[in-house]
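Structure assessment
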Amino acid sequence: MTADILSLTLEELTEQFSVMGIQKFRAKQVYEWLHKHLAMSYDEMSNLPKALREDLKEKFPLHNCEIARKQVSKLDNTVKYLFRLHDGDFVESVVMKYKYGYTICVSTQVGCKMGCAFCASTLGGFKRCLLPGEILSQLYCAQHDLGERISHIVLMGMGEPLDNYDNVMRFLSLVTDEKGVNISMRNISLSTCGIVPKIEELLQKHLQLTLSISLHAPSDELRSKIMPINKRYPVDELLNICRKYVNETSRRISFEYSMLAGVNDSDECARLLASKLKGMLCHVNLIPVNEVAESPFKPSSPERIERFVEILGKSGINATVRRKLGSDIDASCGQLRLKENKNRSKGG
Ligand code: SAH
């Protein structure tokens, strides 16, 4: 039995090697090549005998992502990658440079099932969940390509991380492994549209990561219109679990709120949002919606956003407007894959 080698822990790799009669210390060498030195092929693993490398190539084919397209923003050096997976599917990742270092936004699924009205990932359709190794590989490939250490990760690319729960949890333990690429859990954010039972499960783990909730509307009436998941897990149920999360982990929650002109940006929405979040250890991120060609939403005006921030602020709710990075390179989730799929179907 073999498995995707990049998805295995050192213990599992050691176990598999031992079954195959390969010495134990080789597992550690291979693990470090993969997760510490970010080797892209077995041929780079210079301290392994050639025969072993050939054997591994056959038994554990390496499924690294390949860069299908790369776009660098002329405005702010944000880099967007379209990665080709070994089966020909595409996922996207974005690398952003902040004062504190490089952050990568990775995808957790090929496409998405959640159906949010403003999001391009959904328009491309759902194909499949990513393996832990395929989520890691986006980081490894980008870091390799940029030649810079990436220190922060946001699970905010294509897909719903909590709809691929087990693989995402395994990804988190591999990426924070001291023997591997060793990213601090505190430098990781996980964003969800609000799958309540999975948030509950995550909460039991008491991880030091930042939980982001894609809220986007303060009432069920409005939220159900733009986010179908709200019909299953309504706003109050979602906010209850958020309060519990904050109480039990003492970690501040981040609420994402895309500003959609004339839809969710009224004073009334701001006041309702403020009353619902009152007293919770949280932060609100306002994001002028990125326009997606196939959807009707337009970003709110800067004045409207300012007013929204002001109303939240008066109720003691901390809100910031997210800096828009990479707006010239289709940097919002799903946009590039959508284009690529269209080009392909045009070309037959
Ligand atoms: N499925 C997860 C993570 C992926 S999306 C989630 O829903 O949280 C990351 C964030 O970008 C989410 O808050 C999502 O709602 C938001 N988003 C999606 N499309 C957008 C767009 N066109 N403009 C602005 N934000 C968008």
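Residues numbered from 1 in each chain as written. Predicted model: local features only at pLDDT ≥ 70, side-chain atom pairs only at ≥ 80, totals over all residues. Heavy atoms only, no water.

**Some details on the site of the ligand**
Close contacts around the ligand come from 18 residues, with Gly159, Ser191, Ser214, His216 and Asn290 the closest. Between Gly159 and the ligand, the recorded distance is 3.0 Å, taken from a backbone N or O atom to a nitrogen atom. Ser191 is positioned with one of its side-chain polar atoms (N or O) 2.6 Å from an oxygen atom of the ligand. Expressed as a share of its isolated accessible area of 530 Å², the protein-covered part of the ligand is 94%. Looking at the shell around the ligand, the elements that each hand over two or more residues are β8 (188-192) and β10 (253-259). (Near = heavy atom within 4 Å. Polar contact = N/O pair within 3.5 Å; in protein donor to acceptor, adjacent residues only side chain to side chain. Areas by Shrake-Rupley, 256 points an atom, 1.4 Å probe, with all protein chains shown as cover. Helix = DSSP H or I, 4+ residues; strand = E, 2+ residues; numbered from the N terminus.)

**Examining helix α1 (residues 10-19)**
Residues that lie three or four places apart on an α-helix share one face, since the helix turns once every 3.6 residues. Among the residues of α1, Leu10, Leu13, Thr14, Gln16 and Phe17 are the ones counted as buried. Axial view of α1: buried residues confined to an arc of 165°, hence all on one face. Exposed side chains of α1 directed beyond 90 degrees from the buried face belong to Glu11 and Val19. At the exit of α1 stands Gly21, carrying a positive phi of roughly 80°. (Buried < 20%, exposed > 50% of the residue type's maximum accessible area, 1.4 Å probe, protein only. Arc of directions from axis to C-beta.)

**Some details on the packing of aromatic side chains**
All chains considered together, the criterion is met by four aromatic pairs. On the numbers, 5.9 Å between centres and 50° between planes, the contact of Phe17 with Phe60 is tilted. Taken together, the residues Phe17 in helix α1 and Phe60 in the loop between α3 (50-59) and β1 (66-72) connect sequence positions 43 residues apart. Seen from their ring centres, Tyr81 and Phe83 are 5.2 Å apart, and the 10° between their planes marks the pair as stacked. We classify Tyr81 as buried; its relative accessible area is 0%. Taking NZ or CZ as reference, Lys113 lies 4.8 Å from the ring centre of Phe126, over its face. (Phe/Tyr/Trp six-rings, centres within 6.5 Å; stacked < 30°, edge-to-face > 60°. Lys NZ or Arg CZ within 6 Å of the ring centre and 35° of its normal.)

**Re the side chain of Ser137**
With respect to the secondary-structure elements, Ser137 resides in helix α5 (residues 132-146). Polar contacts involving the side chain of Ser137 include one to the main-chain amide nitrogen of Cys65, which spans 2.8 Å. Excluding residues that lie within four positions of it along the chain, Ser137 makes contacts with Leu6, His63, Asn64 and Cys65. (Contact = heavy atoms within 4.5 Å.)

**Examining the environment of Lys36**
Tracing the sequence through the fold places Lys36 in the loop between α2 (24-35) and α3. On the basis of relative accessible area, Lys36 is assigned to the partly exposed category, the value being 44%. Sequence spacing of Lys36 and Glu178 is 142 residues, and the spatial spacing of their C-alpha atoms is 9.3 Å.

**Description of the domain arrangement of the chain**
Each assigned domain of the chain is listed with its residue range as follows: domain 1 (5-59) and domain 2 (66-345). For domain 1 versus domain 2, the distance between C-alpha centres works out to 34 Å. On the side of domain 2, 16 residues touch domain 1, which itself brings 14 residues to the contact. Summing both partners gives a buried area of about 1,300 Å² for domain 1 against domain 2, and 61% of it is carried by carbon and sulfur. Across the salt bridge formed by Arg170 and Glu12, the nearest N and O atoms sit 2.7 Å from each other. Elements represented by at least two residues in the side of domain 1 that touches domain 2 include exactly α1 and α2. It is α2 that provides the largest number of residues to the side of domain 1 that touches domain 2, a total of four residues. (Domains from an automatic or database assignment. Buried area = accessible area lost by both parts, 1.4 Å probe. Salt bridge = Lys/Arg side-chain N within 4 Å of Asp/Glu carboxyl O.)

**Focus on the sheet that holds β8**
Spatially, the ten strands line up as an open sheet ordered β1-β2-β3-β4-β7-β8-β9-β10-β11-β12, and their pairing is mixed. Each edge of the open sheet is held by one strand with a lone partner, namely β1 and β12 (319-321). Pairs of neighbouring strands in the sheet enclose a mean axial angle of 25°, with direction left out of account. Alignment of strand β2 (residues 79-84) against strand β3 (residues 90-98), held across six bridges, turns out to be antiparallel. Directly across from Val79, in β3, lies its bridge partner Val95. Contacts from α5 reach β1, β2, β3, β4 (101-105) and β7 (150-155), with the element oriented near 125° to β2. Strand contacts of helix α6 (residues 165-175): β7 and β8, with the helix running at about 170° to β7, the strand carrying the most contacts. (Pairing = 2+ DSSP bridges. Axes fitted to C-alpha atoms, helices over the stretch in contact; angles between N-to-C directions.)

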